[in-house]
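Notes for the structure review
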Amino acid sequence: MSKNKLGRIVIVGAGPGGLTLARILQLHGVEVKVYERESSIDARPQGGTLDLHVESGQYALQIAGLFDKFQTLCRPEGQDTRIIDKSGTVHYEEVSNEMCFDRPEIDRHDLRQLLFQSLKADIIAQGHNLQSIQSLSNGQHKLVFDDGVTDTADLVIGADGAWSRIRPLVSSAVPQYCGVMIVEIQFTEVDDRHPEIAKLVGRGILFALSDNKGLIGQRNGHNRIRVYITLRVPENWVAESGIAFDQPEQVRDDLLHLFADWDNSLLNFIRFCDANFIPRPLYMLPINHRWETQQGVTLLGDAAHLMSPFAGEGVNLAMLDATELALAIINADDLKQAIHNYEQKMFSRAAKAADESATNLDLCISPGNAAKLMAELFKKMMESGPSNDKENFVTR
Ligand SMILES: Cc1cc2nc3c(=O)[nH]c(=O)nc-3n(C[C@H](O)[C@H](O)[C@H](O)COP(=O)(O)OP(=O)(O)OC[C@H]3O[C@@H](n4cnc5c(N)ncnc54)[C@H](O)[C@@H]3O)c2cc1C
């Protein structure tokens, strides 16, 4: 299909998925517009570190022509993994080879910036929060943003994450609570201010798991460590627990109480972290979420297949979706058929990852010595499994 016959293409959402799609389309001379709710890439903290897998996230960056730059930004040593229980007993330890680029880590902010800076300035319209979208009788879609801006597109791609406003056009599915809440904390200037925490977490990721709880510490770039305090609690726990999340010193005391029988060195995460505790309930779409192909609209990434981060696949799938969709659009003779083919492939790989993610979540945040169970599984996979299984086990 010639480029001008594709019509107007609009992407909603400038996360890793939407940006990857825009970048590859731009490389192939396809005109595209991206609308993003946030006013700038630095408008809010961007979250932790992400490991990009060879066959998905890294492949996407190769097709996007950004792989060499990625290699200068990523941290191969971030693949180090240690699994301990609440007493501090080590059940599993893996020290990575710095020359091994199987699943190097990159901060989410750095990844978005890499993609963002590769786009022409007029492609992205920031500070545009999609309010509604309407299907028109001619097959186009009309988008209305909360600042009054409107646009009409021949193809709309919903890359707008967990609470997608495009999704209702193709599916009635809504995200469900996974049963697990994380409270995100961090240490800035950690090497200087908290060398004991830096040593405990090391270069990669530390899982401390027991009794339906976890303290998951990860080394980020820029002299930071992020810790996910992970709890199996009801969805309304933040309101019901009575913990005043706007009063950090009280939160510290309340959380220390929840982990009272954990080793003192682990409690230092809660005692000494920066004074900001962010609760995040984890949600997922139904495993095997799918829909009938619709004229002029599709989804990618979390908008299509939100899952808990316990398969470490979310960003990798989003970037692979974006790559396959971009190539489908570029090479399409029949655009609707090309989108249908893209969706069918995406549905089956997402179902597999979502299933794995749910299984891993149940194992990691389980009663008793979850660290031991998880370590046994890791060891088995190291001995026998193909390397992809090892890469995809848990959030990294
Ligand atoms: C705590 C945590 C840890 C994680 N760890 C990992 C990990 O280790 N490995 C991994 O692979 N994945 C991980 N993930 C998942 C990963 O972050 C997501 O899967 C990934 O970001 C999905 O990318 P996306 O582009 O589809 O969506 P998003 O990154 O969610 O981007 C969506 C974009 O759309 C914008 N948007 C939303 N609504 C609108 C609107 N109405 N109008 C305009 N713009 C809008 C948002 O502002 C955002 O920029 C983790 C997730 C969490 C919560």
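Each value, and the rule that gives it
- Residues numbered from 1 in each chain as written.
- Predicted model: local features only at pLDDT ≥ 70, side-chain atom pairs only at ≥ 80, totals over all residues.
- Heavy atoms only, no water.
- Axes fitted to C-alpha atoms, helices over the stretch in contact; angles between N-to-C directions.
- Helix = DSSP H or I, 4+ residues; strand = E, 2+ residues; numbered from the N terminus.
- Parallel < 35°, antiparallel > 145°, perpendicular 65-115°, else oblique.
- Left-handed = near helix turned anticlockwise from the far one by under 90°.
- Contact = heavy atoms within 4.5 Å.
- Nonpolar A, V, L, I, M, F, W, Y, C, P; charged D, E, K, R; others polar.
- Buried < 20%, exposed > 50% of the residue type's maximum accessible area, 1.4 Å probe, protein only.
- Phe/Tyr/Trp six-rings, centres within 6.5 Å; stacked < 30°, edge-to-face > 60°.
- Lys NZ or Arg CZ within 6 Å of the ring centre and 35° of its normal.
- Expected span 1.5 Å × (residues − 1).
- Polar contact = N/O pair within 3.5 Å; in protein donor to acceptor, adjacent residues only side chain to side chain.
- Pairing = 2+ DSSP bridges.
- UniProt positions renumbered as here; feature names shortened; annotations may be inferred.
- Salt bridge = Lys/Arg side-chain N within 4 Å of Asp/Glu carboxyl O.

Where helix α11 (residues 314-330) meets helix α12 (residues 335-364), the axes come as close as 9 Å, and the angle between the chain directions of the two elements is 160 degrees. In terms of orientation, α11 lies roughly antiparallel with respect to α12. Between α11 and α12 the crossing geometry is right-handed. In this structure, α11 uses L317, L320, D321, E324, L325, A328 and I329 to contact α12, whose residues at the interface are L335, A338, I339, Y342, K345, M346, R349, A350 and A353. For the contact of α11 with α12, the per-class residue count stands at 12 nonpolar, no polar and 4 charged.

Turning our attention to the side chain of H194. Here H194 lies in the loop between α5 (190-193) and α6 (195-201). Accessibility expressed as a relative area gives 10% for H194, which makes it buried. Among residues more than four places away in sequence, those in contact with H194 are F187, E189 and F272.

This part covers the packing of aromatic side chains. Within the structure shown, the criterion is met by 9 aromatic pairs. Centre to centre, the rings of W237 and F245 are 5.9 Å apart; their planes meet at 65 degrees, and the pair counts as edge-to-face. With a centroid separation of 4.9 Å and an interplanar angle of 75 degrees, the aromatic rings of F259 and W262 are classed as edge-to-face. Per residue, the accessibility class of F259 equals that of W262, and both read buried. Chaining the aromatic ring pairs together yields one cluster made of W163, Y177 and Y283. Above the ring of F259, the side-chain terminus of K213 is found at 5.5 Å from the ring centroid.

A word on α12. When the terminal C-alpha atoms of α12 are compared, their 42 Å separation across 30 residues agrees well with the 44 Å that a helix rising 1.5 Å per residue should span. Residue D334 occupies the N-cap position of α12, its side-chain oxygen lying 3.2 Å from the main-chain nitrogen of K336.

This paragraph deals with the sheet that holds strand β12 (residues 176-187). Pairing is mixed across the open sheet formed by 7 strands, whose spatial order is β5-β4-β13-β14-β15-β12-β16. Where the open sheet ends on each side, the last strands, each with one partner, are β5 (90-94) and β16 (278-284). Neighbour to neighbour, the strand axes of the sheet diverge by 20 degrees on average, direction disregarded. Sheet analysis places strand β14 (residues 213-220) next to strand β15 (residues 224-232), joined by 8 bridges and oriented antiparallel. By the bridge assignment for β15, R219 is matched with I225.

Quick look at the pairing of β14 now. Most of β14 is tucked away, with 8 of its 8 residues classed as buried. Across the two faces of β14 the burial is the same, with K213, L215, G217 and R219 and G214, I216, Q218 and N220 all buried. With 6 bridges connecting them, strand β13 (residues 205-210) and β14 associate as antiparallel partners. Following the sheet pairing, A208 is matched in β14 by L215. What sits between β14 and β15 in their antiparallel hairpin is a turn of 3 residues, with H222 showing a positive phi close to 60 degrees.

Here strand β9 (residues 141-145) shows a clear split, with H141, L143 and F145 buried on one side and none of K142 and V144 buried on the other. Both strand β8 (residues 130-135) and β9 contribute to a ladder of 5 bridges, which runs antiparallel. Residue pairing across strands places L130 opposite F145, the latter belonging to β9. Counted between consecutive antiparallel strands, the loop separating β8 from β9 contains 5 residues, among which G139 sits at a positive phi close to 90 degrees.

The next subject is the UniProt feature "domain: FAD-binding" (unreviewed entry) in the protein chain. Taken from the UniProt record, the annotation "domain: FAD-binding" (unreviewed entry) applies to residues 9-355. Along residues 9-355 one finds 33% helix and 26% strand; the C-alpha atoms at either end are 32 Å apart.

Turning our eyes to something else, we now look at the sheet that holds strand β17 (residues 297-299). Taken in spatial order, the 5 strands of this open sheet run β7-β2-β1-β11-β17, and their pairing is parallel. Of all strands in the sheet, those bounded by a partner on one side alone are β7 (124-126) and β17. Taken pair by pair, the neighbouring strands of this sheet meet at an average axis angle of 20 degrees, ignoring direction. Of the strand pairs in this sheet, strand β2 (residues 33-36) and β7 are connected by 3 bridges, and their pairing is parallel.

Right, let's talk about the pattern of salt bridges for a bit. The full count for this structure, using the stated rule, is 18 salt bridges. R8 is paired through a salt bridge with D151; the nearest N and O atoms lie 2.7 Å apart. Of this pair, R8 sits in the segment before β1 (9-12) while D151 sits in strand β10 (residues 150-153), and the two are 143 residues apart along the sequence. Put simply, D321, E324, K345 and R349 are held in one network by salt bridges that share partners.

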